[in-house]
Amino acid sequence: MTILEVKNLKKSFGSVRAVEDVSFSVEAGEIFTIIGPNGAGKTTSLEMIEGLVTPDKGEICFGDLNWGQHANKIKKMIGVQPQSSAMFDLLTPEENLNLFATFYDHARSTEEILEMINLSEHRRQHVKKLSGGQRQRLAIGLAMISDPDIIFLDEPTTGLDPQARRNIWDIILQLKELGKTTILTTHYMEEAEQLSDRVCIIDQGKIVTIDTPSALIEKLTNEREVVLSFVDGTEAAKEVHYFTKTLDSVVRSELDGASLTLWTSHPEDTLYTLFGFTKEKDYQVEQVSIRDMSLEDVFIEFTGKEWRD
């Protein structure tokens with residue numbers, strides 16, 4: 001069931017066209033991730049959908065509801081964790097959650113939220129003394145206090161260490177288990193690939209592509225990158241390099257000293273043939289690695305830009 005539909009959103013700030021033409025729909029219960037380079041328009045798009053910024057043109061519908069006629073109803077069905085979260089530093093996580101709960105007719109239990117965001121042990125510690133990861137978890141908890149159907153998370157893991165980032169991932173996956181719809185923006189490709197049901201790539205204010213991470217990668221290519229390094233050095237790598245040019249399964253190959261990188265759509269068959277050749281020549285392969293194409297490769301292919309945090 002479609003829970004959110006966005007049609008032809010446009011927004012300019014003076015001469016700057018932040019969002020040119022953005023349209024997509026989100027299904028109930030999915031994790032929908034928006035990615036794009038800095039200045040691509042993803043945060044502006046999110047803020048328009050959240051009702052924080054008024055679009056110049058376009059429609060935003062939450063089922064049969066829209067911001068123009070049903071703002072109060074929409075506010076009760078969404079939870080927002082912005083990039084800069086508003087919380088009271090001299091209050092505790094428990095006090096912050098209890099305070100935010102008073103803003104709603106029906107709030108989720110503070111005890112339940114604290115447990116879900118793993119802050120039960122820090123419930124009475126002042127927010128200003130929490131770590132960055134703990135503050136981000138509390139920000140998500142505050143977005144969840146109204147028990148919303150849709151939760152917006154704008155770059156919730158930016159600047160966090162890997163462990164703190166994984167803790168946020170666990171919360172997002174818990175939200176999915178609860179049947180919540182999560183709309184996420186992120187700078188981290190691994191995060192988008194691991195968490196998302198679907199990914200939307202935005203560049204220069206326009207949507208470039210939308211699909212599941214696996215489908216986007218499959219659309220890019222079915223090739224795999226294989227790297228071999230040789231104990232016998234440059235001469236062995238060079239001779240194997242020449243040999244790969246006779247193989248139909250090898251699309252291209254590159255030589256770098258004693259290391260050979262090749263791209264093939266049939267890595268198992270290719271390696272079987274190559275190992276037969278190296279055994280015949282009595283060359284020793286020191287290391288072999290096979291790399292799948294990733295969402296970062298998709299990003300670079302569609303936008304022509306290297307990823308920047």
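Use the structure listed above.
Residues numbered from 1 in each chain as written. Predicted model: local features only at pLDDT ≥ 70, side-chain atom pairs only at ≥ 80, totals over all residues. Heavy atoms only, no water.

Chemist: Help me get a handle on the overall build of the protein chain, residues and values and all.
Modeler: Scanning the protein chain from terminus to terminus reveals 11 helices and 14 strands. Radius of gyration (C-alpha) of the protein chain: 24 Å, far over the 19 Å computed for a compact globule of 309 residues. C-alpha atoms of the protein chain, sized along the principal axes, occupy 75 × 45 × 35 Å. The buried share of the protein chain, taken over its 309 residues, is 48%. If you take every contact in the protein chain between residues at least 6 apart in sequence, the share linking residues at least 24 apart comes to 67%. Accessible surface computed for the protein chain: about 15600 Å², of which carbon and sulfur atoms make up 45%. Measuring between centres, the 32 positive side-chain charges of the protein chain sit 6 Å from its 51 negative side-chain charges. (Helix = DSSP H or I, 4+ residues; strand = E, 2+ residues; numbered from the N terminus. Rg over C-alpha atoms; globule rule 2.2 N^0.38 Å. Buried < 20%, exposed > 50% of the residue type's maximum accessible area, 1.4 Å probe, protein only. Contact = heavy atoms within 4.5 Å. Areas by Shrake-Rupley, 256 points an atom, 1.4 Å probe, with all protein chains shown as cover. Lys, Arg positive; Asp, Glu negative; His and termini not counted. Charge placed at Lys NZ, Arg CZ, Asp CG, Glu CD.)

Chemist: An account of the packing of aromatic side chains is requested, with residue identities and associated values reported.
Modeler: Per the stated rule, a full pass over the model turns up 4 aromatic pairs. Between Phe24 and Phe32 the ring centres are 4.9 Å apart and the planes differ by 25 degrees, which places this aromatic pair in the stacked class. Taking relative accessible area as the criterion, Phe24 reaches 6% and is therefore assigned buried. Cation over ring: Arg165 sits above Tyr188, and NZ or CZ is 3.8 Å from the ring centre. (Phe/Tyr/Trp six-rings, centres within 6.5 Å; stacked < 30°, edge-to-face > 60°. Lys NZ or Arg CZ within 6 Å of the ring centre and 35° of its normal.)

Chemist: Any details on unusual backbone geometry? Residues and values, ideally.
Modeler: Non-glycine residue Asn118 carries a positive phi angle of around 60 degrees. Among the secondary structure elements, Asn118 is positioned in the loop between α4 (110-116) and α5 (132-144).

Chemist: Got a sec to walk through the layout of surface pockets? Specific residues and values, please.
Modeler: Its boundaries defined by the atoms lining it, the largest pocket holds a volume of some 440 Å³. Taken together, 18 residues line the largest pocket, and the ones lying closest to its centre are Gly79, Val80, Pro82, Phe100 and Tyr104. For the lining of the largest pocket, the secondary structure elements donating two or more residues are α2 (67-77), β6 (78-81) and α5. Grouping the amino acids of the lining of the largest pocket by side-chain chemistry returns 12 nonpolar, 4 polar and 2 charged. (1 Å grid on protein atoms, 1.4 Å probe; cavity = no way out; pocket = protein on both sides within 12 Å on 5 of 7 lines; lining within 4 Å. Points joined across faces, edges and corners; volume = space filled by probe spheres on them. Nonpolar A, V, L, I, M, F, W, Y, C, P; charged D, E, K, R; others polar.)

Chemist: So what's going on with the sheet that holds strand β14 (residues 285-291)? Which residues, and what values?
Modeler: If you walk across this open sheet you meet the 4 strands as β12-β13-β11-β14, and the pairing is antiparallel. The sheet terminates laterally at β12 (250-256) and β14, the two strands that pair on one side only. Strand-to-strand twist of the sheet, defined as the mean angle between neighbouring strand axes without regard to direction, takes the value 15 degrees. Here strand β11 (residues 224-230) runs beside β14; their pairing, made up of 6 bridges, is antiparallel. Paired with Phe230 across the two strands is Val285, which belongs to β14. Most of the contacts of helix α9 (residues 234-244) go to β12, to which it runs at about 165 degrees, and overall it touches β11, β12 and β13 (259-264). (Pairing = 2+ DSSP bridges. Axes fitted to C-alpha atoms, helices over the stretch in contact; angles between N-to-C directions.)

Chemist: How would you explain the pairing of strand β8 (residues 181-185) if you had to name every residue and give the values?
Modeler: Most of β8 sits out of view: 5 of its 5 residues are buried. Residues Thr181, Ile183 and Thr185 of β8 are buried on one face, and the alternating residues Thr182 and Leu184, pointing to the opposite face, are buried as well. Of the strand pairs in this sheet, strand β3 (residues 31-35) and β8 are connected by 4 bridges, and their pairing is parallel. Counterpart to Ile34 in the pairing with β8 is Thr185. The sheet contact formed by strand β7 (residues 150-154) and β8 spans 5 bridges and is parallel. From the neighbouring strand, Leu153 faces β8, where its bridge partner is Leu184. Following the backbone out of β7, through helix α6 (residues 162-177) and into the adjacent parallel β8, one traces a crossover that is right-handed. (Right-handed = clockwise from strand over helix to strand, strands pointing away.)

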